[in-house]
Structure formats: C-alpha cells, structure tokens
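Structural overview
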Amino acid sequence: MIDWVPVVFVTFKVLIFGTCMFFAIKWHYDQGKKGVDRRALLRTSAKLVAIFLLALLGVLFFTFGLARMLGMDLSLP
C-alpha cells in the first residue's frame, strides 16, 4: 500500500501543474492579442512588486521572531 503513495502524489502533481501551465499559457496568449495599456501594466507591476516585497519582509520578520523565541543565536561571529 505504501508503494502507491508516491505514484499517486506524483501523478496528481503532474496533472495539476500541467493544467495550470495550460491555462497560464492560454491566458498570456489571449492577453497578447488584446493590446494592454502600458501605463496600467506598469502600475499593476509596481503594485505586485510592492506586495511581494512586503510579504518577503513579513516572512523575514516572522522567521527571525520565531528563531529568537526558540532561543536560537542569530548573531554574526
């Protein structure tokens, strides 16, 4: 029974990633046909970069806070 677990998980992963890649490629192809406003594209890109950086900063603070709470020494030599 345990031998089938990796087979099932890998198959599921391949199916999900394949489906997502198909729809991502289709969406990008359809967006290329529409002709997007450059200003709106830059504004959206800037928002996504800001959200990503804030999320990265949050994960960083959470990691260091958790490490200090657990008593890990994070000082440089």
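Look a little higher up for the structure.
Here is a short report on the structure shown in this document.

Each value, and the rule that gives it
Residues numbered from 1 in each chain as written. Predicted model: local features only at pLDDT ≥ 70, side-chain atom pairs only at ≥ 80, totals over all residues. Heavy atoms only, no water. Helix = DSSP H or I, 4+ residues; strand = E, 2+ residues; numbered from the N terminus. Rg over C-alpha atoms; globule rule 2.2 N^0.38 Å. Buried < 20%, exposed > 50% of the residue type's maximum accessible area, 1.4 Å probe, protein only. Areas by Shrake-Rupley, 256 points an atom, 1.4 Å probe, with all protein chains shown as cover. Lys, Arg positive; Asp, Glu negative; His and termini not counted. Charge placed at Lys NZ, Arg CZ, Asp CG, Glu CD. Expected span 1.5 Å × (residues − 1).

Moving on, we get to the overall build of the chain. Across its full length, the chain carries two helices and zero strands. Radius of gyration (C-alpha) of the chain: 21 Å, far over the 11 Å computed for a compact globule of 77 residues. Once the C-alpha set of the chain is aligned to its principal axes, its extents read approximately 55 × 50 × 20 Å. Counting across all 77 residues of the chain, residues that qualify as buried make up 1%. Accessible area of the chain: about 7700 Å², with a carbon and sulfur share of 76%. Counting 9 positive and 4 negative side-chain charges, the chain places the averaged centre of each group 15 Å from the other.

The next thing to look at is the environment of leucine 48. Within the fold, leucine 48 resides in helix α2 (residues 38-69). Sequence separation between leucine 48 and phenylalanine 61 is 13 residues, and the spatial gap between their C-alpha atoms is 20 Å.

Attention now goes to α2. Relative to the 46 Å expected for 32 residues at 1.5 Å per residue, α2 spans 46 Å between its end C-alpha atoms, a close match to the ideal helical length. After α2 finishes, the residue glycine 71 shows a positive phi value of roughly 85°.

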